[in-house]
Amino acid sequence: MKQILTFLFFVTTVNIFAQNVPYEKKIIYKTKFDDAIPVLNVGTFHMGETSDANATDFDENNKKNQQEIKKLAKMLAEFKPTIIVIEDLPKNDSLRQISYSDYLKNPTKKFVNPDEIELLAYEVGRLGGAKKIYGIDFKEKYNYNINVVNSVDTTTLSKYSILSDENDSKNPEKGIPFYDLFKLNNHPQYLESLINFNADLLLYNSSKNHAQGADEAGKFYHRNLVMFSNLNQIPMTKDDRIFILMGGTHTAFFMDFLKRSPKFQLENTFNYLK
């Protein structure tokens, strides 16, 4: 009798809770295929030479730094990826596969100017058991420092700069341990701020009856859309597990793409950053 009463109480509680959920928060659509492919989408600063305007001061040849990267790789490798995806051009896949295969055979291999791909992606793949590696990058130039004469909005950019400085002072990137920096770089709010800096703030930069900033931002959006298309062109099955390592802004765009994708199931990065 006690078990029946407990069950009835549980059912009643669930029903009451369900009735109190606002309509807009109720799940009314099934959004993922039953065989959706798991994806761990991880952002990083560029560890080697980079053409990015904002580079992180990091000595990729420092032994201590390399040891910290290996510790991180071990955590991320718990995802058990079967395919590694990196920020490299697809045309380089053949040579990249040779380089990666050599590393799998000889993980003590030294690279002249290693970056996050050789230091982190390779090691995650090795520890996780992945045999394949693919690049999905697409190059498209745009001007995120466009100077618009007589811009209609003269306040938003300066106000955001102040807001950003306040956030940076509370969450500094300089002078913190490597692992803490990596966690910061993958925080959802940090990632979304990168979309602002690299694209969306351009939307507030335009003269009357024109959209100069939006035109430039559209190029960067297009670059990321093509990169996602490149991801979808990689041969994979429902049994694969995809590990993606890219610069943070691309990671941020892919977070949105992957959340909406019926084909892919986005994993929580912080399940592996413990």
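Residues numbered from 1 in each chain as written. Predicted model: local features only at pLDDT ≥ 70, side-chain atom pairs only at ≥ 80, totals over all residues. Heavy atoms only, no water.

**As for the nonpolar core**
Working step 1: In this structure, L231, I242 and F254 are the most contacted members of the largest nonpolar core, which totals 34 residues.
Working step 2: Those elements giving two or more residues to this core turn out to be β1 (37–44), β2 (83–86), α7 (188–198), α8 (212–232), β4 (242–247), α9 (248–260) and β5 (264–266).
Working step 3: Among the elements that take part in this core, α9 stands out by supplying six residues, more than any other.
Working step 4: Counting 31 residues, the second-largest nonpolar core is a separate cluster that includes I69, L72, F178 and Y179. (Core = buried A, V, L, I, M, F, W, Y, C linked by side-chain atoms within 4.5 Å. Buried < 20%, exposed > 50% of the residue type's maximum accessible area, 1.4 Å probe, protein only. Helix = DSSP H or I, 4+ residues; strand = E, 2+ residues; numbered from the N terminus.)

**Remarks on α9**
Working step 1: Helix length check: α9 (13 residues) gives 19 Å between terminal C-alpha atoms against 18 Å at 1.5 Å per residue, within 8%.
Working step 2: Counting buried positions over the 13 residues of α9 gives ten, a clear majority of the element.
Working step 3: Every buried residue of α9 is listed here: G248, T249, H250, T251, A252, F253, F254, M255, F257 and L258.
Working step 4: Looking at the buried residues of α9, the elements they touch are β1, α7, α8, β4 and β5. (Expected span 1.5 Å × (residues − 1). Contact = heavy atoms within 4.5 Å.)

**Some thoughts on unusual backbone geometry**
Working step 1: The phi angle at K80 is positive, at roughly 60°, despite the residue not being glycine.
Working step 2: One can find K80 in the loop between α2 (63–76) and β2.
Working step 3: Phi is positive for N150, which is not a glycine, with a value near 60°.
Working step 4: For N150, a relative accessible area of 67% puts it in the exposed group.

**Topic: the packing of α2 against helix α4 (residues 116–128)**
Working step 1: Packing of α2 against α4 leaves a shortest axis separation of 8 Å and a crossing angle of 40°. Taken together, the axes of α2 and α4 lie oblique to each other. Like other packed secondary-structure pairs, α2 and α4 cross with a definite hand, here right-handed. Together, Q66, I69, K70, L72, A73, K74 and L76 of α2 and L119, L120, E123, V124 and L127 of α4 make up the contact between the two elements.
Working step 2: Per-class residue counts for the contact of α2 with α4 are eight nonpolar, one polar and three charged. (Axes fitted to C-alpha atoms, helices over the stretch in contact; angles between N-to-C directions. Parallel < 35°, antiparallel > 145°, perpendicular 65-115°, else oblique. Left-handed = near helix turned anticlockwise from the far one by under 90°. Nonpolar A, V, L, I, M, F, W, Y, C, P; charged D, E, K, R; others polar.)

**Side note on the packing of aromatic side chains**
Working step 1: According to the stated counting rule, one finds 17 aromatic pairs in the structure shown.
Working step 2: The interplanar angle of 85° and the centroid separation of 5.9 Å between the aromatic rings of F79 and Y272 together place this pair among those described as edge-to-face. Linking F79 in the loop between α2 and β2 with Y272 in the segment after β5, this pair joins segments that are 193 residues apart in sequence.
Working step 3: Residue Y272 is classed as buried on the basis of its relative accessible area of 14%.
Working step 4: Ring centres 5.3 Å apart and planes at 65° place the aromatic pair F228 and F257 in the edge-to-face group. Taken together, the residues span a long stretch of sequence, with F228 in helix α8 and F257 in helix α9 at a distance of 29 residues. The exposure classification of F228 matches that of F257, with both residues buried.
Working step 5: Ring-pair connections join several aromatic residues into one group, and the members of that group are Y142, Y144, F220, Y221, F228, F253, F254, F257 and F264. (Phe/Tyr/Trp six-rings, centres within 6.5 Å; stacked < 30°, edge-to-face > 60°.)

**A few points about helix α3 (residues 93–105)**
Every α-helix carries 3.6 residues per turn, so stepping three or four residues along brings you back to the same face.
Working step 1: The terminal C-alpha atoms of α3 lie 18 Å apart, and with 13 residues this matches the ideal 18 Å at 1.5 Å per residue to within 8%.
Working step 2: Considered for burial, the residues of α3 that qualify are D93, R96, S99, Y100 and Y103. Down the axis of α3, the buried side of the element spans an arc of 125°, and every buried residue falls inside it. More than 90 degrees from the buried face of α3, the exposed residues found are S94, L95 and K105. (Arc of directions from axis to C-beta.)

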